Amino acid sequence: MLQMKETFRWFGPNDSVTLADIRQCGCAGVITSLHQIPYGELWSREAIAERKAMIEAHGMEWTAVESVPVSEDIRTRSGDFERHIENYKETIRNLGAEGVEIIIYNFMPVLDWVRTNFAYKLEDGSECLRFDPVHFAAFELYILKRAGAEADYTEAQLKAAESYFQSLNANQVKAFERNIIDVFPGVDMGFTVDDIRRMLNRYDGIDRAQLKENYKHFLEAVIPVCEASGVRMAVHPDDPPYSILGLPRIVSTEEDIRDIVEMYDSPANGLCFCTGSLSPRAENDLPGMIERWGHRINVMHLRSTQRNADGSFYEARHLEGSVDMYAVVKAVLEEMKRRKASGRKDWQLAFRPDHGHTMLDDLQKPMPPNPGYTCIGRMRGLSEIRGLQLGIARALNL
Ligand code: DNO
């Protein structure tokens, strides 16, 4: 019977969710990174081997790296980008030599994923992550003070943003600011608003076409090294999947995916299919995208969002919300079946339940440094998807 490989994200030895916890959730592998190494620097073979041994000692495998971060120098093709690309290539070789075969990364300018609320209360008392364009407008207008930001919002949104911002006290403003500018997975960058302004300035003159050009250069440099090292790249979609801060975002739609696949034709140039990131955009037909681009998917993040009419969304339970998780899992199992039939060695796709709600005991704990990555909420999502895929595979004889 066909089943996806079950994994959990792990933020390394400092993560309060331990490898032993993850094993008890039933995972075969973890997805992790060497978060202690600064963006752009080299990962030595020794450091990789040490981390791998730690995971294997708990009876699991290191399924994929998330992420080997792409530095802002690489994305903007300025500063130290040539050295960073050489380091990236050497890191790929070292990962390949240690048998770690999948690298997740993103090409989002300046910020990684963005939410405006980390503790949005649901009707049952659990909490989830939420993005509200009105709150983001408040950040842009009153904290970042980005020139021209008004043009990205409607009159009604601007009004609502003003009253939202006025409703916050000084401590709330501070927390709100940190939530937006310093949520880089597994690492506290310590960025200030001025840092973000400086980073934004580096994108002067970089439009969509130029960012795609820079991305193409990156792929041309790293994909041949992947092919020679037995490593496959998996680009993570933009989250949310549209332009923010006036910056181009180029991994948001099916057209973007087609462009990326065509930029460099190789199985090593693949996708991390994140249903949660892609779903705030209603026209992203997720099962259809899996059907059409599944051959280039190298790993999956499974979660759902609930879209609202005002453009806001929150992270729904894994089997609820705007994502048809039944259709998604069915499409993935069918893709695995096609792969197996054609003799592909990488027929089995791995997924992690991306994010989970803060619920039960986790509500009593301090806000985790990695919002969305509580153990219990993710375990709930993993278990639900586990049951769903078992049911589909049995019923359809997959
Ligand atoms: C959010 C994550 C992303 C992802 C990176 C990949 O929870 O899915 O931060 O890890 O964008 O580079």
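In this text, all values refer to a predicted model and were calculated from it rather than measured experimentally.

Definitions and cut-offs
- Residues numbered from 1 in each chain as written.
- Predicted model: local features only at pLDDT ≥ 70, side-chain atom pairs only at ≥ 80, totals over all residues.
- Heavy atoms only, no water.
- Phe/Tyr/Trp six-rings, centres within 6.5 Å; stacked < 30°, edge-to-face > 60°.
- Helix = DSSP H or I, 4+ residues; strand = E, 2+ residues; numbered from the N terminus.
- Buried < 20%, exposed > 50% of the residue type's maximum accessible area, 1.4 Å probe, protein only.
- Lys NZ or Arg CZ within 6 Å of the ring centre and 35° of its normal.
- Axes fitted to C-alpha atoms, helices over the stretch in contact; angles between N-to-C directions.
- Parallel < 35°, antiparallel > 145°, perpendicular 65-115°, else oblique.
- Contact = heavy atoms within 4.5 Å.
- Nonpolar A, V, L, I, M, F, W, Y, C, P; charged D, E, K, R; others polar.
- Pairing = 2+ DSSP bridges.
- Polar contact = N/O pair within 3.5 Å; in protein donor to acceptor, adjacent residues only side chain to side chain.
- Expected span 1.5 Å × (residues − 1).
- Bend = angle between axes of the 7 residues up to and from the residue.
- Right-handed = clockwise from strand over helix to strand, strands pointing away.

Here the focus is the packing of aromatic side chains. Remark: the centre distance and the inter-plane angle together describe each pair of aromatic rings, the angle taken between the planes. Summed over all chains, the structure comprises 14 aromatic pairs. Ring geometry for Tyr88 against Phe218: centres 5.1 Å apart, planes inclined by 90 degrees, an arrangement best described as edge-to-face. One end of the pair, Tyr88, is in helix α4 (residues 81–97); the other, Phe218, is in helix α9 (residues 208–229), and 130 residues separate them in sequence. When sorted by exposure, Tyr88 lands in the same class as Phe218, which is buried. Site record: aromatic cluster; members linked through ring pairs are Tyr88, Tyr105, Phe107, Tyr215 and Phe218. Note that Arg130 overlies the ring of Tyr120, its terminal NZ or CZ placed 4.9 Å from the centroid.

Below, the discussion takes up the packing of helix α5 (residues 133–144) against helix α6 (residues 155–166). Orientation of α5 relative to α6, taken along the N-to-C sense of each, is 75 degrees, at an axis distance of 8 Å. Classified by the angle their axes make, α5 and α6 are roughly perpendicular. Contacts from Pro133, Val134, His135, Ala137, Ala138, Leu141, Tyr142 and Ile143 in α5 reach Gln157, Leu158, Ala160, Ala161, Glu162, Tyr164 and Phe165 in α6. Of the residues contributing to the contact of α5 with α6, the split by class is twelve nonpolar, two polar and one charged.

The antiparallel open sheet is built from four strands, whose spatial order is β5-β6-β11-β10. The open sheet has two edge strands with one neighbour each: β5 (117–121) and β10 (304–307). Mean inter-strand twist for the sheet, computed between neighbouring axes without regard to direction, equals 40 degrees. Here four bridges tie β10 to strand β11 (residues 313–316), and the two strands are oriented antiparallel to one another. The partner of Gln306 across the bridge, within β11, is Tyr314.

Let us look at helix α12 (residues 286–293). Within the span of α12, buried status applies to Leu286, Gly288, Met289, Ile290 and Trp293. Among the structural elements, α10 (254–263), β8 (269–274), α11 (275–278), β9 (297–302) and α13 (325–341) are those in contact with the buried residues of α12. Here α12 starts with a cap whose side-chain oxygen sits 3.1 Å from the backbone nitrogen of Gly288, and that cap is Asp285.

With that out of the way, let us pick up the sheet that holds strand β1 (residues 5–9). A barrel is described by the order of its strands in space; here eight strands give the closed sequence β1-β2-β3-β4-β7-β8-β9-β12, paired in parallel fashion. Direction aside, neighbouring strands of the sheet carry axes that sit 30 degrees apart on average. By the bridge criterion, three bridges tie β9 to strand β12 (residues 350–353) in an arrangement that is parallel. Residue pairing for β12: Leu302 is matched across the bridge by Pro353. Across the sheet, α9 is in contact with β4 (102–106), β7 (232–236) and β8; its angle to β7 comes to roughly 150 degrees.

For the rest of this paragraph, the subject is α9. With 22 residues, α9 extends 31 Å from end C-alpha to end C-alpha; this agrees with the ideal 32 Å at 1.5 Å per step. The sharpest bend along α9 comes to roughly 30 degrees, located at Val222, with the proline Pro224 sitting one to four residues further on. Taken together, the buried positions of α9 are occupied by Leu211, Lys212, Asn214, Tyr215, Phe218, Leu219, Ala221, Val222, Ile223, Val225, Cys226 and Ser229. The secondary structure elements touched by the buried residues of α9 are α3 (72–76), α4, β4, β7, α10 and β8. Downstream of α9 by a residue or two, Gly230 has a phi angle that is positive, lying close to 70 degrees.

A large share of β8 lies buried, amounting to six of its six residues. Bridging between β7 and β8 involves three bridges; their strand directions are parallel. The partner of Ala234 across the bridge, within β8, is Gly270. At this point the chain moves from β7, through α10, to the parallel β8, and the crossover so formed is right-handed. In terms of strand pairing, β8 meets β9 through four bridges, oriented parallel. From the neighbouring strand, Cys274 faces β9, where its bridge partner is His301.

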